[in-house]
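Letter by letter, the chains look like this.
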Amino acid sequence: MDLGTVDDILLPGSRADLPPGRTDTAVLAGGTWLFSEKQDHLATLVDVTALGWEPLTVTETGLEIAATCTIETLARYSSPWPATALFPRCAAALLASFKIWKTATVGGNIALALPAGAMISLTAALDGVGQVWSGDGPDHDYRIAIADLVTGPHENALRPGDVLRSIDIPLHALQSRTAMRKLALSPLGRSAAVVIGRVDDDGEFVLTVSASTVRPFVLRFPGLPTAGELDDALAATIAPRHWYDDPHGAPDWRRHISCTAAQQIREELS
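Numbering of residues starts from 1 in each chain and follows the order in which that chain's sequence is written. Confidence filtering applies because this is a predicted model: local features only for residues at pLDDT of at least 70, side-chain atom pairs given and counted only at 80 or more, and all residues used for totals across whole chains, interfaces and linings. Side-chain metrics rest on all non-hydrogen atoms present in the structure, leaving aside hydrogens and water.

If you look the protein chain up in an unreviewed UniProt entry, it shows as FAD binding domain-containing protein from Rhodococcus cerastii.

Printed below as a string of structure tokens:
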């Protein structure tokens, strides 16, 4: 899609080159969605891939995923950590070809904040925390859980000028046992529900429900819950208004398949 209103594409060489936040300016990473439809409100794109961030970095506390890391790079990442088995599975949950994987980025998928954003599902399920460069300067940088960064369909907590720099996945989540269910109206269709569960070394059970909801929901239990406890927690945490409604699935159906998947995951990880 030609973006006829865009006059400038900036290629920052450092953070100092980033422009002040404006409503007519957007961050460009992979651009697979940005260039897919008209963006008549935009006049400037800031291509943060020019900053040359290392895609994946192993740290003492876990794994740092640069916001500009491509889906393909993450999907092909090999590690002895058990939870990294989710990386290619979540990548495959995207309604995208392998060609899109080469360009689409983890940070772009998260910041876009679509309910079916599979990188949202992945990073929220693994206690991912976003490192954000504030548009107000380095003294105002902040960290925010991915589950809190995404606030609704096409809505996130970033302010104009803020840039999602990276996502940190903690070691305890990477070492956990996991199970996942992706459901859709057709075998290769857009995700209607993505439910991911994990059991940490300390026995904590964490369940993340996304795609079927307007934003990701993370439920935590000190140990494996009973079927009744899990059902009660799902009902108490996800209100009727939080189940997403679009042509890819009605809210009551999404709730049904999500709760069924949650019980299957509970049994698998027991």
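Peer 1: Got a sec to walk through the packing of aromatic side chains? Specific residues and values, please.
Peer 2: Aromatic ring pairs are reported here in terms of the distance separating the ring centres and the angle at which the planes meet. Classification of ring pairs uses Phe, Tyr and Trp, with its six-membered ring standing for Trp, and accepts pairs whose centres are within 6.5 Å; under 30 degrees between planes counts as stacked, over 60 as edge-to-face, and the remaining range as tilted. Under the defined criterion, the tally for this structure stands at three aromatic pairs. Ring geometry for Trp53 versus Trp133: centroids 5.4 Å apart, planes at 85 degrees, classification edge-to-face. Here Trp133 lies in strand β6 (residues 129-133) and Trp53 lies in the loop between β3 (44-47) and β4 (56-59), a separation of 80 residues in the sequence. Segments assigned H or I by DSSP are reported as helices when at least four residues long, segments assigned E as strands when at least two residues long, and all are numbered from the N terminus.

Peer 1: I'd like to hear about the pairing of β6, residue by residue, with values.
Peer 2: Here, any two strands with at least 2 DSSP bridges between them count as paired. Summarising the sheet, β6 and strand β7 (residues 142-145) pair through four bridges and their orientation is antiparallel. Following the sheet pairing, Val132 is matched in β7 by Tyr142. Bridge count between β6 and strand β10 (residues 163-170): five bridges; the pairing is antiparallel. In the sheet register, Gly130 faces β10, and the bridge partner there is Ile167.

Peer 1: Describe the side chain of Gln263, naming the residues involved and giving the relevant values.
Peer 2: Structurally, the position occupied by Gln263 is in helix α9 (residues 251-268). On the accessibility criterion, Gln263 (14% relative accessible area) is buried. If near-sequence neighbours (up to four positions away) are discounted, Gln263 is found in contact with Ala227, Leu230 and Asp231. Burial status follows relative accessibility: with a 1.4 Å probe on protein chains alone, a residue under 20% of its type maximum counts as buried, one over 50% as exposed, and anything between as partly exposed. Note on contacts: a residue pair is in contact if any heavy atoms of the two residues lie within 4.5 Å.

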